[in-house]
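# Inside the fold
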Amino acid sequence: MKITIGAISTISLIVTPALIRGFTVAPSYRPLFLASSFSSSTSPSSLLPLTKLWTTDESAPSDYDSDDLSSVTQTVSVDENEEDVSIRDALKRELLLISSVTNRGDSATEEEKNIVIDLVAQLEALNPTADPAHNSQGEWDLSYSSVQSFRSSPFFMAIRTALGSDNKQVAETGFDIHDRATAASRVGRVRQIVSEEELVSEVELAVGVVPGLPVSITGTVITTAGLSAVTEDTWEVRVRGTKVKGSNVPLLNQYLDDFAVEVPVGEAYSAIMGAVPVSILKTFYVDEGIRITRDDDDNFFVFARV
């Protein structure tokens, strides 16, 4: 089966108009977590002060490129050392603090991005949970993303997978164009609901109708996908459908909610390409509070449990 860029464009043209017709009021993002919700076993003296953590080090790498890490095959580790609990708590507090002040990483500086990369790597090395692929069920809010937050949705994962490794730059360019085209939109809550066989992505959006006027069409874009745990750290994700709920447009909101109008994205892929793209997600850290998941390009997403 040959997957073409034209076929991907066709699916995008089918789906996109259905997504922009109605969107719920999405308030400016505010983190739904508090540092105090995590273990308080760490003594203040054992924490690395944030001012020290953010001190510029000329010897540190300046720019992050996921290709720099592609030659290393990462595997899940399980840390059972009870003495490391306080270290994990300190790392999580620093990670969630940076996440909250950078709007999920969207406004992070290069220095802050490099700090987060280091925090994530340390946490993954101290993962306390065996078989994270089978132990990540629940509701999760996106706290930090190393790429555009919309790429945590199975809809965009499928586009990236379908284009293949040879067209990675084409995909990146397309995502950048989409990001710029929706720059006037506000992204509210980004959530994943994970069960044993399904992943549901919910993204709250507010799209401006007329530039300069405080009028927006708002709603929640919901994408469902089949989920299969194939190893202790790996999920296979197959997109199924996308719909909009909670639109603030009169009548349209009731119509969308009452009739559960859903664009069958998976069926579109099957009809045009012969199969639904299989996206890969790997989770190398999960505990009672956060989950760190990477896509096939090694981009990572940090989620806080709801």
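Look above for the structure.
Residues numbered from 1 in each chain as written. Predicted model: local features only at pLDDT ≥ 70, side-chain atom pairs only at ≥ 80, totals over all residues. Heavy atoms only, no water.

So, on to the overall build of the protein chain. Per the secondary structure count, the protein chain includes eight helices and eight strands. In the protein chain, which comprises 306 residues, the proportion classed as buried is 44%. Of the accessible surface of the protein chain, which amounts to about 15,400 Å², a share of 55% is contributed by carbon and sulfur atoms. (Helix = DSSP H or I, 4+ residues; strand = E, 2+ residues; numbered from the N terminus. Buried < 20%, exposed > 50% of the residue type's maximum accessible area, 1.4 Å probe, protein only. Areas by Shrake-Rupley, 256 points an atom, 1.4 Å probe, with all protein chains shown as cover.)

Turning to the pairing of strand E6 (residues 279-286), a few remarks are in order. Most of E6 is tucked away: six of the eight residues are buried. With four bridges connecting them, strand E5 (residues 234-245) and E6 associate as antiparallel partners. Bridge assignment links Val237 to a residue of E6, and that residue is Ser279. Examined bridge by bridge, E6 and strand E7 (residues 290-295) share five bridges and lie antiparallel to one another. What sits directly across from Lys282, in E7, is Arg294. (Pairing = 2+ DSSP bridges.)

It is worth spelling out the packing of helix H5 (residues 154-163) against helix H6 (residues 168-181) at this point. Close contact between H5 and H6 brings their axes to 8 Å; oriented N to C, the two are set at 150 degrees. The pairing of H5 with H6 is recorded here as roughly antiparallel in orientation. Our pair here, H5 against H6, has a crossing hand that is right-handed. Residue-level contacts link Phe156, Ile159, Arg160 and Leu163 of H5 to Lys168, Ala171, Phe175 and His178 of H6. (Axes fitted to C-alpha atoms, helices over the stretch in contact; angles between N-to-C directions. Parallel < 35°, antiparallel > 145°, perpendicular 65-115°, else oblique. Left-handed = near helix turned anticlockwise from the far one by under 90°. Contact = heavy atoms within 4.5 Å.)

Counting 20 residues, the largest nonpolar core has Leu227, Trp235, Val237 and Leu281 as its most contacted members. When contributions to this core are tallied by element, the ones reaching two or more residues are strand E1 (138-145), strand E2 (186-194), strand E3 (198-208), strand E4 (216-229), E5, E6 and strand E8 (300-305). Contacts of Val237, omitting those with residues within four sequence positions, involve Pro154, Ala225, Gly226, Leu227, Pro277, Val278, Ser279 and Leu281. Ile115, Val116, Leu126 and Phe300 belong to the second largest nonpolar core, which has 18 residues in total. (Core = buried A, V, L, I, M, F, W, Y, C linked by side-chain atoms within 4.5 Å.)

A few words on the side chain of Thr283. Its location among the elements puts Thr283 in strand E6. Here Thr293 takes part through its side chain, which lies 2.8 Å from a polar atom of the side chain of Thr283. For Thr283, the residues in contact, after removing those within four places along its chain, are Val76, Pro132, Ser136, Asp233, Trp235, Arg291, Ile292 and Thr293. (Polar contact = N/O pair within 3.5 Å; in protein donor to acceptor, adjacent residues only side chain to side chain.)

Buried within helix H8 (residues 265-273) we find Val265, Gly266, Ala268, Tyr269 and Met273. Buried residues in H8, looked at end-on, bunch into an arc of 160 degrees, giving them a common side. Away from its buried face, by an angle of more than 90 degrees, H8 presents the exposed residues Glu267 and Ala271. Downstream of H8 by a residue or two, Gly274 has a phi angle that is positive, lying close to 95 degrees. (Arc of directions from axis to C-beta.)

What follows deals with the packing of aromatic side chains. Within this structure, the stated rule accounts for five aromatic pairs. Their ring planes at 15 degrees and their centres at 6.0 Å tell us that Tyr144 and Phe300 sit as a pair that is stacked. Of this pair, Tyr144 sits in strand E1 while Phe300 sits in strand E8; the two residues are 156 residues apart in sequence, bridging distant segments of the chain. Take Tyr144: its relative accessible area is 3%, and that puts it in the buried class. For Phe300, a relative accessible area of 2% translates into the label buried. Both rings, one in Phe155 and one in Phe156, keep their centres 5.0 Å apart while their planes meet at 85 degrees; by these two values the pair is edge-to-face. Look at Phe155 and you get buried, because its relative accessible area is 6%. (Phe/Tyr/Trp six-rings, centres within 6.5 Å; stacked < 30°, edge-to-face > 60°.)

Right, let's talk about unusual backbone geometry for a bit. A negative phi angle is the norm for most residues apart from glycine, just as the trans form is the norm for most peptide bonds. Backbone geometry at Asp131 places phi at a positive 55 degrees, although glycine is not the residue there. Along the chain, the position of Asp131 falls in the loop between helix H4 (110-125) and E1. Assessed through its relative accessible area of 26%, Asp131 is described here as partly exposed. Phi angles above zero are rare outside glycine, and Asp298 is one such case at about 75 degrees. The residue Asp298 is located in the loop between E7 and E8 in this model.

As a further point, take the environment of Ala206. Counting through the fold element by element, Ala206 comes out in strand E3. The spatial distance from the C-alpha of Ala206 to the C-alpha of Val187 is 6.6 Å, given a sequence separation of 19 residues.

We now examine the environment of Trp235. Along the chain, Trp235 falls in strand E5. Linking Trp235 and Ala133, residues 102 residues apart in sequence, is a C-alpha distance of 6.5 Å. With residues near it in sequence (within four places) discarded, Trp235 still touches Ala133, Ser136, Val194, Leu199, Leu227, Ser228, Ala229, Ser279, Ile280, Leu281, Thr283 and Arg291. A distance of 2.8 Å separates the side chain of Trp235 from the backbone oxygen of Ala133, its partner in a polar contact.

Any functional reading would require information beyond the geometric quantities listed.
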